[in-house]
Amino acid sequence: MSTKLELKVNDNVVTAERGELLLDVLRRAGVLVPTLCEHPGLEGVGSCRLCLVEVNTGRRSQLVASCLYPVEGELTVLTDSPRVNEARRFVLTLLLARYSDVQLIEELARRYGVKPVERLQAEPADCLLCLRCVRACAAQGNGAIATCLRGREKRVSPPFDEPPADCVGCGACAEVCPLGAIKVEEGEGKRRIWGREFTLVHCQSCGEPFATREQFDYLRKQPPDLLVEEELCPRCRKLDQALRISGSTT
Amino acid sequence: MLPKEPGEKEVQELCAGHPQHPGELLALLLEIQEIYHYLPPTAMKEVARYLAVPESQVYAVATFYKALTLKPQGKKIIRICQGTACHLRGSSEVLETIKEVLGIAPGETTTDGCFTLETVNCLGACALAPVVMIGDETHGQMTPERIRKLLQEVST
Ligand code: SF4
Ligand code: FES
Ligand code: FES
């Protein structure tokens, strides 16, 4: 069985690897599909439903979340059909009702011509529950945050709603949050996040603060091949390597 | 007296009765709930350590299920029905009386740790409305007078 497949995407022919996620295929083909919960470095959860597209396997046609859909055979894909548009606009209408103040959602709504619906009154919220932050933290091996409670009360929090013991202050959660809902403060050699304060480590070469003491402590506990000997910021590390390669270490 | 905080030893012994597998999380939490009537944070942390799951995961599960609670519960749980049938037959006055006699609101526990008050929506015994459950016992056709007497009986 060949691993290359041919898909028909909105009248164009696109090739894909068997098992590849449909969203990745579409992106490579330059087809714009809106997404919120998806993040290239993290395993998909399919919680926002914004990436819905219509696929036809020859037997039937259905709406699928492209960020979770592995391409396993020949397909016809529509990313702009009436059915897709209706579903997408419905999702955006609901999102707009709750996140009316959030710029990203406003922009998406405008792009797809979605207007606020008067009778949909939702409590405003600043978190989408897309779980990017939770997944990023778990992917780093820390798992310092998760969702707690459920239904309408569900939210992301550190355990026991206390400053999380497992947090190393890397800030990955805030970095991947599409709405900027996680607050990180930096100043006077400290980083504050989730109610904890971390001491920043300064680059031994340029003196810029770039990571926390706890991040290094965490790395030291990992297998030796991940060991960081010198505390250099990414820029100085590259420079250092370049100099070593060219042999002029002076 | 409020249920005591379990010692580290006690929780360790409880844990030892379960395989050291993440799938045991819910079973362990239920067992702790059963014994202490709530989930003390120290116990949850010990469970996380024993099963090698992140504390955040333990907290996620502990707050997800209605059968688990993080607040200490009284020895007896008083559930007063606020369902439609009970409401029409005057459960609000019964609730007011309980609040007055025990000095607590729904969701709270008396300072002596004897009672926790909860409201529920239909206990499935509408013919007996208004209904109050004290522990495992169901009491029907409650009135402010009758609940006052009943509370006196169970308190002694
Ligand atoms: S805090 Fe941000 S990343 Fe985390 S679930 Fe909410 S919106 Fe997503
Ligand atoms: S991006 Fe696919 S469901 Fe959110
Ligand atoms: S409404 Fe109270 S038991 Fe049904």
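Residues numbered from 1 in each chain as written. Chains lettered and ligands numbered in written order. Predicted model: local features only at pLDDT ≥ 70, side-chain atom pairs only at ≥ 80, totals over all residues. Heavy atoms only, no water.

K.L.:
What am I meant to see in the domain arrangement of chain A here?
P.N.:
Often the size quoted for an interface is simply the accessible area lost on bringing the parts together. Split into domains, chain A comes out as domain 1 (4-80), domain 2 (85-120) and domain 3 (132-248). For domain 2 of chain A versus domain 3 of chain A, the distance between C-alpha centres works out to 33 Å. (Domains from an automatic or database assignment.)

K.L.:
What should I look at first to understand the sheet that holds strand 1 (residues 4-9) of chain A in this one?
P.N.:
Sheets are built from strands that pair by backbone hydrogen bonding, the pairs being arranged parallel or antiparallel. Residues and elements named next belong to chain A. Across the sheet, 5 strands lie side by side as 2-1-5-3-4; this open sheet has mixed pairing. Across the chains shown, the open sheet's two edge strands, defined by having one partner strand only, are strand 2 (12-17) and strand 4 (61-65). On average, each strand axis in the sheet is inclined to that of its neighbour by 35°, with strand direction left out of account. Two elements, strand 1 and strand 5 (residues 75-78), share 3 bridges in a ladder whose sense is parallel. Bridge pairing in strand 5 places Lys-8 opposite Thr-76. Of the strands in this sheet, strand 3 (52-56), strand 4 and strand 5 touch helix 2 (residues 82-98), which is tilted by about 155° from strand 3. (Pairing = 2+ DSSP bridges. Helix = DSSP H or I, 4+ residues; strand = E, 2+ residues; numbered from the N terminus. Axes fitted to C-alpha atoms, helices over the stretch in contact; angles between N-to-C directions. Contact = heavy atoms within 4.5 Å.)

K.L.:
Even after reading the chapter, I still don't get helix 4 (residues 132-139) of chain A, so can you show me in this structure?
P.N.:
Since the α-helix turns once every 3.6 residues, residues separated by three or four places project in the same direction. Residue and element names in this part refer to chain A. Counting buried positions along helix 4 yields 6 of 8 residues, so the element is predominantly enclosed. For helix 4, the complete set of buried residues consists of Arg-132, Cys-133, Val-134, Arg-135, Ala-136 and Cys-137. Count one or two residues on from helix 4 and you reach Gly-141, which has phi positive near 90°. (Buried < 20%, exposed > 50% of the residue type's maximum accessible area, 1.4 Å probe, protein only.)

K.L.:
In this structure, what is going on with the sheet that holds strand 10 (residues 196-202) of chain A? I would like to understand it.
P.N.:
Residues and elements named next belong to chain A. With antiparallel pairing, the 4 strands of this open sheet are ordered in space as 8-9-10-11. A single partner strand is all that each edge strand has here, and the edge strands are strand 8 (184-187) and strand 11 (209-212). Pairwise comparison of adjacent strand axes, ignoring direction, gives a mean angle of 35° for this sheet. In terms of strand pairing, strand 10 meets strand 11 through 3 bridges, oriented antiparallel. Residue pairing for strand 11: His-202 is matched across the bridge by Pro-209. Helix 6 (residues 213-220) rests against strand 9 (190-193), strand 10 and strand 11 of the sheet, and its axis sits at about 55° to strand 11.

K.L.:
Explain the interface of chain B and chain A here, please?
P.N.:
On the chain A side, the residues contacting the 11 residues of chain B number 15 residues. With its nearest N and O atoms 3.6 Å apart, the salt bridge here joins Glu-162 of chain A to Lys-45 of chain B. At the boundary of chain B and chain A, one finds 4 residue pairs in polar contact (both at pLDDT 80 or more). A total of 6 residues in the side of chain B that touches chain A trace back to one element, the largest contributor, which is helix 4 (residues 55-64) of chain B. (Salt bridge = Lys/Arg side-chain N within 4 Å of Asp/Glu carboxyl O. Polar contact = N/O pair within 3.5 Å; in protein donor to acceptor, adjacent residues only side chain to side chain.)

K.L.:
What is the right way to look at the packing of helix 2 of chain A against helix 3 (residues 103-111) of chain A in this model?
P.N.:
Packed helices, taken two at a time, are described by the angle between their axes plus the distance between the axes. All names here are of chain A. Packing of helix 2 against helix 3 leaves a shortest axis separation of 10 Å and a crossing angle of 145°. Handedness of the helix 2/helix 3 crossing: left-handed. The residues of helix 3 that touch helix 2, namely those facing Leu-92, Leu-95 and Leu-96, are Ile-105, Glu-106, Leu-108 and Ala-109. When grouped by side-chain class, the residues that make up the contact of helix 2 with helix 3 number 6 nonpolar, no polar and 1 charged. (Left-handed = near helix turned anticlockwise from the far one by under 90°. Nonpolar A, V, L, I, M, F, W, Y, C, P; charged D, E, K, R; others polar.)

K.L.:
Help me understand the pairing of strand 1 (residues 76-81) of chain B in this model?
P.N.:
Both faces of the sheet carry side chains from a regular strand, because those side chains alternate between them. Residues and elements named next belong to chain B. As paired strands, strand 1 and strand 2 (residues 115-120) are joined by 6 bridges and run parallel to one another. By the bridge assignment for strand 2, Cys-81 is matched with Val-120. Relative to strand 3 (residues 132-134), strand 1 is paired through 3 bridges, and the arrangement is antiparallel. In the sheet register, Arg-79 faces strand 3, and the bridge partner there is Met-133.

K.L.:
What exactly am I supposed to notice about the site of ligand 1 here?
P.N.:
Residues and elements named next belong to chain A. Near ligand 1 the following residues occur: Cys-127, Leu-128, Leu-129, Cys-130, Leu-131, Arg-132, Cys-133, Val-156, Cys-177, Pro-178 and Ile-182. Mapping ligand 1 onto the cavity grids shows that it belongs to the second largest pocket. Considering only residue class, the shell around ligand 1 consists of 10 nonpolar, no polar and 1 charged. (Near = heavy atom within 4 Å. 1 Å grid on protein atoms, 1.4 Å probe; cavity = no way out; pocket = protein on both sides within 12 Å on 5 of 7 lines; lining within 4 Å. Sits in = over half its atoms within 2 Å of the grid points.)

K.L.:
Looking at this structure, I do not really get the layout of surface pockets. What am I missing?
P.N.:
Think of a ball as big as a water molecule: rolled over the atoms, this probe shows where empty space is left. Size it by volume and the largest pocket reaches roughly 1,000 Å³. Lining the largest pocket are 29 residues, with Lys-66, Leu-68, Thr-69, Gln-73 and Glu-118 of chain B positioned closest to its centre. Elements supplying a minimum of two residues to the lining of the largest pocket: helix 2 (25-36), helix 4, strand 1 and strand 2 of chain B. Considering only residue class, the lining of the largest pocket consists of 12 nonpolar, 8 polar and 9 charged. Considering only enclosed or pocket space, the second largest pocket measures out at about 790 Å³ in volume. Lining the second largest pocket are 36 residues, with Arg-98, Tyr-99, Cys-127, Leu-128 and Leu-129 of chain A sitting closest to its centre. If you list the elements that add at least two residues to the lining of the second largest pocket, you get helix 2, helix 4 and strand 7 (155-157) of chain A. It is helix 2 of chain A that contributes the most residues to the lining of the second largest pocket, 6 residues altogether. Considered class by class, the residues forming the lining of the second largest pocket number 25 nonpolar, 3 polar and 8 charged. (Points joined across faces, edges and corners; volume = space filled by probe spheres on them.)

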